[in-house]
Amino acid sequence: VAAQRLIDRTHAEMAFLVRELDRRHLPELDEGLSTAGWLKRHTQMTAAQASGTVKTARVLGHMPTVIEAALDGAIPHRSLQLLAQARNRHKIEFVDHESVFGDIATYLSVADLRRGIERWEQQINFDQALKDTTKLETLRGFHHSQTYEGLWATKGTFAPEGGHIITQAINALCDPTNIDPTELRAPAQRRADAMVDICSFFLTHNTNIVTSGGEKPHVTITLDYEILKGQVDRLAEINGAPVTPETIRRITCDAGIIPMVLGSDSEPLDVGRKTRTIPTALRRALEQRDQGCVWQGCSAPVSWCDAHHIIHWANGGETNLTNTQLLCRTHHTTTHQEERSPPHY
């Protein structure tokens, strides 16, 4: 606790010194630089860090109660930044409430202080608070692109409602009560797999989604039959990116597969119809019989599960009730990676 107060006090002292540098125009007089530029040169701050530090520093002279508590280490640095931003947005109104903010910032968490400032802003100017909140909605965005390694990088910014929905959906799939005790995936890996499961569930169960060709979205996997059976040392590809044999065998257990026959020069010779899929009636029968993942000790519900061929159809296994069972994504992957046989009927 003492170390953290020292850190917060040092941040406040830093801001106070930067304020004096800026007020006396020393960076400009000595080196012809702006205060932010001077900080970048001498402290290795990024442009954003330097700019933020200067903005906070310039407000300190207008918040005597706040800076006094901050210099004592009683106000976290992030809380100090929030108060400086609030003062900049409401210069006149903040004066009458500065002492109150200086007090509550010493014991409220950063998140609670932010909410307190937001509610205060609604009281003093509701119309502006409404405009600011509406503007935030326009900042949402989603970027999803493939790297040169074949992985996919995702970055998104969501409005409060959308972000909460996504969090609830991912947390539901990552609920510890639905995870095998021997789970070895890192939390970030579980969240990534949960996002894939959510999208897969949508594509599988939404009958209104079709492509321009009149059929549901599907994945085209380019591979030789010998690759699927593991008879040659070559990786199959999805959209040009190599994937493991275990992944391909798991996907082909329960998917609309479009076999693309390639000639000696890898030119497409024939594109066949979808085959080896799990019919709707069979899927319903599996859900009725298995009631979820059949792996011993797993409680994953049917909506999390793939239909798994006990004897893979590439090895002659039939697509019927006897040769299929439900497995959640984790145990379906384990079955193909480790060639373990889960309990089955």
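Below, the structure is looked at part by part. (Residues numbered from 1 in each chain as written. Predicted model: local features only at pLDDT ≥ 70, side-chain atom pairs only at ≥ 80, totals over all residues. Heavy atoms only, no water.)

### Details of the overall build of the protein chain
What counts, and what does not: Counting from the N terminus, the helices are the DSSP runs of H or I reaching at least four residues and the strands are the DSSP runs of E reaching at least two. Only protein chains enter the area calculation, which uses a 1.4 Å probe; residues under 20% of their type maximum are buried, those over 50% are exposed, and those in between are partly exposed. Whether two residues are in contact is decided by their heavy atoms, any of which lying within 4.5 Å being enough. With residues, only the protein chains shown are counted as cover, and all accessible areas are computed by Shrake-Rupley using a 1.4 Å probe.
Assigned secondary structure in the protein chain consists of 15 helices and nine strands. For the protein chain, the proportion of its 345 residues judged to be buried stands at 31%. Excluding contacts between residues fewer than 6 apart, the proportion of contacts in the protein chain whose partners are at least 24 apart in sequence is 52%. On the protein chain, roughly 21700 Å² of surface is accessible, and the fraction owed to carbon and sulfur atoms is 54%.

### Section: the side chain of Thr-335
Spelled out, the test is: Contacts described as polar in this section are N or O atom pairs within 3.5 Å, which, within protein, must combine one atom able to donate a hydrogen with one able to accept it, while residues neighboring in sequence count only if both atoms come from side chains.
Position of Thr-335 among the secondary structure elements: in helix α15 (residues 329-338). Polar side-chain contacts of Thr-335 include one of 2.7 Å to the backbone oxygen of His-331.

### Describing the packing of helix α6 (residues 77-89) against helix α8 (residues 110-124)
Quick note on the threshold: Under this scheme, a helix contributes an axis fitted over its contacting stretch, all axes are lines through C-alpha atoms, and angles between N-to-C directions fall in the 0 to 180 degree range. Oblique is the label for any angle not covered by the other classes, which are roughly parallel (under 35 degrees), roughly antiparallel (over 145) and roughly perpendicular (65 to 115). Under the scheme applied here, ten amino acids are nonpolar (Ala, Val, Leu, Ile, Met, Phe, Trp, Tyr, Cys and Pro), four are charged (Asp, Glu, Lys and Arg), and all others, including Gly, are polar.
Viewed as axis vectors pointing N to C, α6 and α8 meet at an angle of 10 degrees, and their least axial separation amounts to 9 Å. As far as their axial angle goes, α8 and α6 are roughly parallel. Within the contact between the two elements, α6 uses Arg-78, Ser-79, Leu-82, Leu-83, Ala-86 and Arg-89 and α8 uses Val-110, Leu-113, Arg-114, Ile-117, Trp-120 and Glu-121. Class assignment of the residues belonging to the contact of α6 with α8 gives a composition of seven nonpolar, one polar and four charged.

### Side note on unusual backbone geometry
Phi is positive for His-25, which is not a glycine, with a value near 60 degrees. Within the secondary structure, His-25 is located in the loop between α1 (2-23) and α2 (26-31).

### Regarding the nonpolar core
Put simply, the rule reads: Residues grouped as a nonpolar core are buried Ala, Val, Leu, Ile, Met, Phe, Trp, Tyr and Cys residues, joined through side-chain atoms within 4.5 Å.
Counting 23 residues, the largest nonpolar core has Met-63, Ile-75, Leu-83, Phe-101, Leu-113 and Ile-117 as its most contacted members. Elements supplying a minimum of two residues to this core: α1, α5 (64-71), α6, α7 (91-104) and α8. In terms of residue count, α6 provides more of this core than any other element does, five residues in total. Sequence-distant contacts of Ile-117, that is, excluding residues within four places in its chain, are made with Leu-82, Leu-83, Ala-86, Arg-89 and Phe-101. Core analysis: the second largest hydrophobic core is formed by 17 residues, Trp-295, Cys-305, Ala-307 and Leu-327 among them.

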